[in-house]
Amino acid sequence: MEVDFIDKLTLSAEPAGLYIHIPFCIRKCPYCDFYSITDLSLKDSFTKALAQEMRFYAGYAVNVDTLYIGGGTPSVLNPGEIESIVSEARRCFNVLPDAELTLEVNPGTVTARSLRDYRRCGVNRINIGVQSFQNRVLGSLQRIHTAEDAANSIRWARRAGFSNIGLDLIYGVSGQTEASWLADLEQAVSFRPEHLSCYMLTYEKGTPLELSLRQVSFKPLPEERVAELFIETVKWLAENGYVQYEISNFTQAGPGGTGLYPSRHNQKYWSFAPYLGLGPSAHSFLEPVRFWNPRSVNRYVGRLNAGKFAMEDKETLTIEQQIMETVFLGLRTVEGIRMDRFNEKFKLNFLETFGAAVSKFKKMGLVEISENRLFLSHQGMLLLDSIAAKMIEAVSLDD
Ligand code: SF4
């Protein structure tokens, strides 16, 4: 496999983000389509292979300013194992002194002590998969933890010295009412987390939840109710000191309404910054090349044990694909698409290229334009996929 393009990372002035995928969970949640397995006996061979994968990059002197250990459930690894991963990352990459080091944890897998130990090994941001503070909702999502576990893990994380805590919540669950969702938001905000991700429950193809939906074995929350919950979320969080910076992401508001603690790592995904993904199923991006690892622990370990690079395949984005991604990813963010940058990068005029679609969506109140930015209104955010698809249809490079 051709890997010459990785040399460019060394030359890139922009530090890269480093993502490490821990492919283990205690139990699979029926709505989840992230790659993970429940056979923890493969932990050792995985961590060895991961160290091997990191060592592959050691010669490239890559600057890294965010490290995100996600999954799966990274907290199935004990603090000693996380510490080894962080130390190996520091040996193989130039992890910059002010780097953001995030660890995702599941409340059912942490203790006051493990959180203290994670903090000691240099993790400075913790993202807790709370999902809900109500046992009925947690039960219907088949989470392994209770509401009490969730609250305890937040308290323990604070006591362990984490001053940057993110909480993940899910809305749009069958049977959920506006009152029960607002109760979840209220409880989350009572802990004053620096960051909140509020994800709409989606029915990803091939998941057990999507299968039950097709078999009509439960009644999903109607789409219009879910849409109302989204609008209510943005409004309620704004009234309670949180600023939205991406469709699902909010952070404490500072002076002048600026977001104080956005996820620096996740912002890289929306801004075409370079990132490397290590571990099974992880994707990497080094414009205009995207490459990815096998979606299987066995294949991943097998490749590395055979002395091969983990990458399974790669694609080089065409100009049309780069435009499509710029539109789609830009519209996800509250800042939106910077039209001046778009024009400069693609040598096109944004408003001429997308004029018809933009004026139609503007009349419908779905997009807005201000200071060289095109961004979605809250109503527009609910229709991101169809708005982006319509705009992309308009791309004609023959002009
Ligand atoms: S714990 Fe997280 S990664 Fe694991 S199955 Fe559940 S949602 Fe997916």
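You'll find the structure just up there.
Presented here is a report on the structure given in the accompanying data block.

Conventions adopted
Residues numbered from 1 in each chain as written. Predicted model: local features only at pLDDT ≥ 70, side-chain atom pairs only at ≥ 80, totals over all residues. Heavy atoms only, no water. Helix = DSSP H or I, 4+ residues; strand = E, 2+ residues; numbered from the N terminus. Buried < 20%, exposed > 50% of the residue type's maximum accessible area, 1.4 Å probe, protein only. Areas by Shrake-Rupley, 256 points an atom, 1.4 Å probe, with all protein chains shown as cover. Lys, Arg positive; Asp, Glu negative; His and termini not counted. Charge placed at Lys NZ, Arg CZ, Asp CG, Glu CD. Near = heavy atom within 4 Å. Nonpolar A, V, L, I, M, F, W, Y, C, P; charged D, E, K, R; others polar. Expected span 1.5 Å × (residues − 1). Contact = heavy atoms within 4.5 Å. Salt bridge = Lys/Arg side-chain N within 4 Å of Asp/Glu carboxyl O. Core = buried A, V, L, I, M, F, W, Y, C linked by side-chain atoms within 4.5 Å. Pairing = 2+ DSSP bridges. Axes fitted to C-alpha atoms, helices over the stretch in contact; angles between N-to-C directions. Parallel < 35°, antiparallel > 145°, perpendicular 65-115°, else oblique. Polar contact = N/O pair within 3.5 Å; in protein donor to acceptor, adjacent residues only side chain to side chain. 1 Å grid on protein atoms, 1.4 Å probe; cavity = no way out; pocket = protein on both sides within 12 Å on 5 of 7 lines; lining within 4 Å. Points joined across faces, edges and corners; volume = space filled by probe spheres on them. Right-handed = clockwise from strand over helix to strand, strands pointing away.

**Regarding the overall build of the chain**
In step 1: Across its full length, the chain holds 16 helices and 15 strands.
In step 2: Counting only C-alpha atoms and orienting by the principal axes, one finds that the chain spans roughly 55 × 50 × 50 Å.
In step 3: Taken across its 399 residues, the chain has 53% of its residues classed as buried.
In step 4: For the chain, the accessible area works out to roughly 17,700 Å², and carbon and sulfur atoms hold 51% of it.
In step 5: Between the averaged position of the 42 positive side-chain charges in the chain and that of its 47 negative side-chain charges there is a distance of 5 Å.

**Focus: the site of the ligand**
In step 1: Around the ligand, the neighbouring residues are Cys25, Arg27, Lys28, Cys29, Tyr31, Cys32, Gly72, Thr73, Asn106 and Arg143.
In step 2: Here the shell around the ligand is built from residues that sort into four nonpolar, three polar and three charged.

**Description of helix 12 (residues 319-332)**
In step 1: Over its 14 residues, helix 12 runs 20 Å from end to end, which matches the ideal 20 Å to within 8%, given 1.5 Å per residue.
In step 2: All of the buried residues in helix 12 are Gln322, Ile323, Thr326, Val327, Leu329, Gly330 and Leu331.
In step 3: Lining the buried residues of helix 12 we find helix 10 (264-270), strand 13 (337-338), helix 13 (339-346), helix 14 (350-363), strand 15 (373-376) and helix 16 (384-393).

**Focus on the pattern of salt bridges**
In step 1: Evaluation of the coordinates by the stated rule reveals 16 salt bridges.
In step 2: When the shortest N-O distance is used, the salt bridge between Arg225 and Glu228 registers 2.2 Å. Taken together, the residues span about one helical turn, with Arg225 and Glu228 both in helix 9 (residues 223-239) at a distance of three residues.
In step 3: By relative accessible area, Glu228 is classed as partly exposed at 41%.
In step 4: A salt bridge links Asp340 to Arg338; the nearest nitrogen and oxygen atoms lie 3.0 Å apart.
In step 5: Since its relative accessible area comes to 24%, Arg338 is described here as partly exposed.

**Topic: unusual backbone geometry**
In step 1: In this structure, the amide linkage connecting Gly71 to the following residue, Gly72, adopts the cis form with an omega of 25 degrees.
In step 2: By the secondary structure assignment, Gly72 is in the loop between strand 2 (63-71) and helix 3 (79-92).
In step 3: In the segment running from Glu287 into Pro288, the intervening peptide bond is cis, with an omega of 5 degrees.
In step 4: With respect to the helices, strands and loops of the structure, Pro288 is situated in the loop between strand 10 (283-286) and strand 11 (289-292).
In step 5: One non-glycine residue, Ala61, lies in the positive phi region at around 50 degrees.
In step 6: Relative to the elements of secondary structure, Ala61 occurs in the loop between helix 2 (43-56) and strand 2.
In step 7: Taking the relative accessible area as the measure of exposure, Ala61 reaches 38% and is therefore partly exposed.
In step 8: Non-glycine residue Ser281 carries a positive phi angle of around 75 degrees.
In step 9: As for its position among the elements, Ser281 is in the loop between strand 9 (275-278) and strand 10.

**Structural notes on the environment of Ser163**
In step 1: Turning to its location among the elements, Ser163 is positioned in the loop between helix 6 (147-159) and strand 5 (165-171).
In step 2: Residues Ser163 and Ala89, 74 residues apart in the sequence, show an inter-C-alpha distance of 23 Å.
In step 3: Beyond its immediate sequence surroundings of up to four residues, Ser163 is in contact with Arg158 and Glu194.

**Things to note about the nonpolar core**
In step 1: Residues Phe93, Leu331 and Met391 are the most contacted members of the largest nonpolar core, which totals 105 residues.
In step 2: Not counting residues up to four positions away in its chain, the partners in contact with Leu331 are Ile337, Leu374, Leu376, Leu384, Ile387, Ala388 and Met391.
In step 3: Core analysis: the second largest hydrophobic core is formed by eight residues, Tyr31, Val173, Leu201 and Leu209 among them.

**Remarks on the sheet that holds strand 13**
In step 1: Taken in spatial order, the three strands line up as 13-15-14 in an open sheet, and their pairing is antiparallel. With one partner strand each, in any of the chains shown, strand 13 and strand 14 (367-370) form the two edges of the open sheet.
In step 2: Helix 14 rests against strand 13, strand 14 and strand 15 of the sheet, and its axis sits at about 130 degrees to strand 14.

**Digging into the packing of helix 13 against helix 14**
In step 1: Running from amino to carboxyl end, helix 13 crosses helix 14 at an angle of 120 degrees, the nearest separation of the two axes being 9 Å. In terms of orientation, helix 13 and helix 14 fall into the oblique class. Residue-level contacts link Met339, Phe342 and Asn343 of helix 13 to Phe350, Leu351 and Phe354 of helix 14.
In step 2: Partitioning the contact of helix 13 with helix 14 into residue classes produces five nonpolar, one polar and no charged.

**Observations regarding the side chain of Gln252**
In step 1: For Gln252, the location among the structural elements is in strand 8 (residues 249-252).
In step 2: Polar side-chain contacts of Gln252 include one of 3.2 Å to the backbone oxygen of Pro193.
In step 3: The contact partners of Gln252, leaving out residues within four places of it in the chain, are Arg192, Pro193, Glu194, Gly241, Tyr242, Val243, Thr258, Gly259, Leu260 and Tyr261.

**Focus: the layout of surface pockets**
In step 1: Of the volumes computed, that of the second largest pocket is approximately 630 Å³.
In step 2: Lining the second largest pocket we find 22 residues, and of these Trp270, Ser271, Glu335, Gly336 and Arg341 sit closest to its centre.
In step 3: At the level of elements, strand 7 (242-246), helix 10, helix 12, strand 13 and helix 13 are the ones that each hand at least two residues to the lining of the second largest pocket.
In step 4: In terms of residues, the lining of the second largest pocket owes the most to one element, helix 13, which gives five residues.

**Observations regarding the pairing of strand 5**
In step 1: With seven of seven residues buried, strand 5 is to be regarded as a mostly interior element.
In step 2: Neither face of strand 5 is exposed, since Ile165, Leu167, Leu169 and Tyr171 on one face and Gly166, Asp168 and Ile170 on the opposite face are all buried.
In step 3: Relative to strand 5, strand 4 (residues 125-131) runs parallel, the two sharing four bridges. What sits directly across from Gln131, in strand 5, is Leu169.
In step 4: As defined by bridge partners, strand 5 adjoins strand 6 (residues 195-200) across six bridges and the pair is classed as parallel. Note that in strand 6 the partner of Asp168 across the bridge is Ser197.
In step 5: As a crossover connection, the stretch from strand 5 through helix 7 (residues 178-190) into strand 6 is right-handed.

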